[in-house]
Amino acid sequence: MNIRPIFSSLRKHRIPTTLIVLEIALACAVLCNAVFMIGQRIGDIRLPNAIDQAGISVVTVQGTDPDHARDVIARNLATLRAIPGVQAVALMNTVPLSQNGWNTGFTTDPATKGFDDKYVNVAEYLITSGGDKALGLHLFRGRFFHADEYAAGTLGTSFMPTGHAAVITRSFAARMWPGHSALGKVLYMGDTYSYTVVGIVDNVLRPNRNGGDARSFSHSVFLPVAPVESAMNDYIVRSAPVDRDRVLRASIDKLSKLEPAAVVKGRTFSDIRNAYFADTRSMAWMLVLVCAVMIAVTAFGIVGLSSFWVGQRRRQIGIRRAVGATRGHILRYFQTENFLISSLGVALGMILAYGANLYLMQHYEMARMPWYFLPIGALTLWLIGQFSVLGPALRASNVPPVVATRSV
Amino acid sequence: MFAYYLQLGLRSLRRNSVLTALMVLAIAVGIGAAMTTLTVMHLLSGDPLPGRSAHIFYPQVDATPAGYTGTPPHPMDMLDYRSAVDLWRAHHADRQALVADSPVKLQAPESKGPPRMLTMLSTTAGFFPMFKVPFQYGSAWTPADDEGRARVAVISSYLNNRLFGGADSVGHMLLLRNTAVRIVGVLAPWRPSPQFYDVRGGRYAQGNTASFYSRTEDVFTPFFSSLQINDGHFQQFSCWAMPKKPGHLVDSPCAWVGLWVQLDTPAKIHAYRRFIANYARHQKALGRFANTDTRMMSLMQWLAFNHVVPSNVKLQAWLAFAFLAICLFNTVGLLLAKFLRRAGEIGVRRALGASRGAVFSQCLTEAGLIGLVGGLGGLLLTLLGLWIVRHQDTPYADLVHLDLSMLVVTFVLALLVSLLAGTLPALRASRIAPALQLKTL
């Protein structure tokens, strides 16, 4: 097919052609970046978190008398265990995605003193006996804590427990000892605290992202403590998912009755996770909406413009048909025209998309967009263009040759 | 004449009602999206202390202890206790206030409600006049209460409504952890956007800064009193080494206190910069500081430094404007095609004596109609968009509303968009040569 006439026809309609090219280019740029951002956000929302997310509830008890912590905790744990349907109970200082960050730093070098550059920031989870079962941690290597390790852990007046055993996540193990097994290695903090890694578990997320990348989001350390610490407020109650809501209500009810002076609050872990990602989720939906409306607007724009061109050229089409052009020729003429316009648009659009990504990387903590987003975006707009032009083009191909004779 | 053009325009628009609806909808959606995000941006990036923010400063010194081997950011976003109190006690500014947050358990013995955990702001008497905090009942505590470690508190209007049903609660007692404090003042509703005096650490937030727009704290207590009331529950911004006892941060190697000062003249600003520089040099000479870096930003500089506007909000604004541009290109292209299709008709009118100006204004009337209706639709969609934002689970949701200035901007934008969309096609249509068109009729 000869495309020269198409070019000369487009040159006659320079302004509308430019406009539609710009529209497609902008749509391509926005689409590539928006889809990339949606992908990143879905990746965040789906970050793996190897605990029993469907069965856990968290009951937080605050404002109890620290001098009686030992008795209060023992009583609370016993009360929670007695609730029918409860499978395991433990006490923790904070829970994943709760936004209540307990961050600390460890180094593999025993010689450093203050928090210096060799320290790797990590979330510190303190758990009491049975915490592995209450959370539903997945052991990858090694073992969980023994009873004597739990008993040896107390905080005293520090953030860090006494005791010398730690269970760490796979991603933290890989960060501290890349290429080596972490089992039996020692984590140091100052000259006072050191913990031997006895077990490695599948990745558990931190209470909050704390400014790190996706990998450091699951840098977590579990340390065993005895159930005596007033600094620990989060009771982990695990049950079957069907029992969860009932168990949570009963837990809040029983604990508030036990101690009216305390502030008792409870949430299912699903709620905690949903709340953490609420912003991310609404942004993802907003991006999806923008993409959908934008594609619709672009498609309708192409439909409208092609329809007008078809209407404008009815006579020419009639003449072409009269002198021997088949319907297929007419159809292909409009399809080719649209293809040329779309090609110009996506060529410009891919450059724009790349530029926008560079700008966003500089100003909005965006990652680099993988190259394949560009051709995918281009292909999408090509398809949208072809799809939109199909209707008007078919109508054009149905113009009977007799039209040519009528108005001459 | 205009009425006649209007009639012609309406007739022409009715002839292609689906297309007209599409053009109107495109403009409406574009304006709705752009104005919703722009309004949110406008509300979040405003000046929390209009007219006063230029006099409010956040002095910082690098309190890294001598002998520390790491490389922390110089200086940290907050001060250590000793530097903060030294600078505050010097009273070199027109007004000054220390700030520190901590979670506290609160009970109101007179109301039977359950105890609650909330955030307490520990500050000094200068806070209230410096930030022109409005009072509904009572007043702030006095500087003497600061020094005397008085057991007094100021509560927010939100908490007063919850505990006392909005009645004047001055003189009533509250239980903060285990200490009884007397209410001396109740704030009128006060909702600075952002909650500027607690802004810090924005550099590390990766754009997730929505929490800077939370409500203010519900309890305000004198700084030194609260150190006793809530000992063991203070939270550090960051530490150079482990504090001996967590939550007890007085004289710990931690940054956890903010200092705000009011400096009314350029001379005083200059003098205060010199003052903190001298202080840092002096502390280094004494062997307490490792460095002598200082920094003092004005309130708005500090907010910009912390990138207070959440990056999601800024991204949405970019997206919305790209979207508006797409809608605009779309409408211009369609109008142009539409007018040019009527070239024959325009040719006849020109041949019968219509001037270029007449054709131009006729086409512009038609385009303006689309823009106007689209703009009105855009306004409605903006209201809908803001309603949706208000029902989102974000700290700034309750701040979102369409104020007068943004309403005006919406109308101006709608007008601008419709003119932009109309001018080019109308101009092109008015330049149609009549002879050429008549020949082809």
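Read on for an overview of the structure.

Conventions used here
Residues numbered from 1 in each chain as written. Chains lettered and ligands numbered in written order. Predicted model: local features only at pLDDT ≥ 70, side-chain atom pairs only at ≥ 80, totals over all residues. Heavy atoms only, no water. Helix = DSSP H or I, 4+ residues; strand = E, 2+ residues; numbered from the N terminus. Rg over C-alpha atoms; globule rule 2.2 N^0.38 Å. Buried < 20%, exposed > 50% of the residue type's maximum accessible area, 1.4 Å probe, protein only. Contact = heavy atoms within 4.5 Å. Areas by Shrake-Rupley, 256 points an atom, 1.4 Å probe, with all protein chains shown as cover. Lys, Arg positive; Asp, Glu negative; His and termini not counted. Charge placed at Lys NZ, Arg CZ, Asp CG, Glu CD. Disulfide = S-S within 2.5 Å. Buried area = accessible area lost by both parts, 1.4 Å probe. Salt bridge = Lys/Arg side-chain N within 4 Å of Asp/Glu carboxyl O. Polar contact = N/O pair within 3.5 Å; in protein donor to acceptor, adjacent residues only side chain to side chain. Nonpolar A, V, L, I, M, F, W, Y, C, P; charged D, E, K, R; others polar. Patch = residues over 30% accessible without salt bridge, like charges linked within 9 Å, V, L, I, M, F, W, Y side chains within 5 Å. Core = buried A, V, L, I, M, F, W, Y, C linked by side-chain atoms within 4.5 Å.

## Observations regarding the overall build of chain B
Helix and strand counts for chain B come out as 14 helices and 12 strands. Taken over the C-alpha trace, chain B has a radius of gyration of 30 Å; the compact-globule value for 441 residues is 22 Å, which it surpasses by more than 25%. Along the first, second and third principal axes, the C-alpha set of chain B runs to 95 × 55 × 35 Å. Counting across all 441 residues of chain B, residues that qualify as buried make up 55%. Expressed as a percentage of contacts within chain B between residues at least 6 apart in sequence, the contacts between residues at least 24 apart total 76%. Within the structure as shown, chain B displays about 18000 Å² of accessible surface, and the carbon and sulfur contribution to it stands at 61%. Charged side chains in chain B number 40 positive and 24 negative. The centres of these two groups are separated by 14 Å.

## A look at the state of the cysteines
Applying the stated criterion across every chain, the model contains one disulfide over all chains. Disulfide partner of B:Cys239: B:Cys254, at an S-S distance of 2.0 Å. Because the torsion about its S-S bond is 95°, the bridge between B:Cys239 and B:Cys254 counts as right-handed. Highlighted residues: B:Cys239 in strand β9 (residues 238-239) and B:Cys254 in strand β10 (residues 254-255), separated in sequence by 15 residues. Each member of the pair, B:Cys239 as well as B:Cys254, carries the same accessibility label: buried. For the unlinked cysteine A:Cys28, the closest cysteine sulfur is that of A:Cys32, found at 4.2 Å. Residue classification places A:Cys28 among the buried positions, given a relative accessible area of 0%. For the unlinked cysteine A:Cys291, the closest cysteine sulfur is that of A:Cys32, found at 9.8 Å.

## Comments concerning the interface of chain B and chain A
Chain B puts 51 residues into the contact, and the matching count from chain A is 51 residues. Here chain B and chain A share an interface that buries about 4600 Å² over both sides, 71% of which is from carbon and sulfur atoms. By the criterion of area lost to chain A, the three top residues of chain B are B:Met242, B:Leu319 and B:Phe329, representing 14% of everything that side buries. Linking chain B with chain A are zero salt bridges, by the criterion used here. Summed over the shared surface of chain B and chain A, the result is four residue pairs in polar contact (both at pLDDT 80 or more). When residues of the side of chain B that touches chain A are traced back to their parent elements, those giving at least two are α2 (17-44), β3 (116-123), α10 (311-341) and α13 (404-430) of chain B. Looking at side-chain class alone, the side of chain B that touches chain A contains 28 nonpolar, 14 polar and nine charged residues.

## Concerning a nonpolar patch on the surface
Among the surface-exposed residues, B:Leu372, B:Val373, B:Leu415 and B:Leu419 lie close enough to one another that they form a single nonpolar patch of about 350 Å² accessible area. Inspection of the secondary structure assignment puts B:Leu372 in helix α12 (residues 356-390).

## Description of a positive patch on the surface
A grouping of A:Arg314, B:Arg11, B:Arg14, B:Arg15 and B:Arg341 is seen on the molecular surface, where their side chains present a positively charged patch. Sorting elements by how many residues they give to the positive patch places helix α1 (residues 2-15) of chain B first, with three residues.

## Some words on the nonpolar core
Ranked by internal contacts, the top residues of the largest apolar core, which has 95 residues, are A:Phe334 and B:Ile31. Leaving out residues up to four positions away in the same chain, B:Ile31 has contacts with B:Leu324, B:Gly375, B:Gly378, B:Thr382, B:Thr410, B:Leu413, B:Ala414 and B:Val417.

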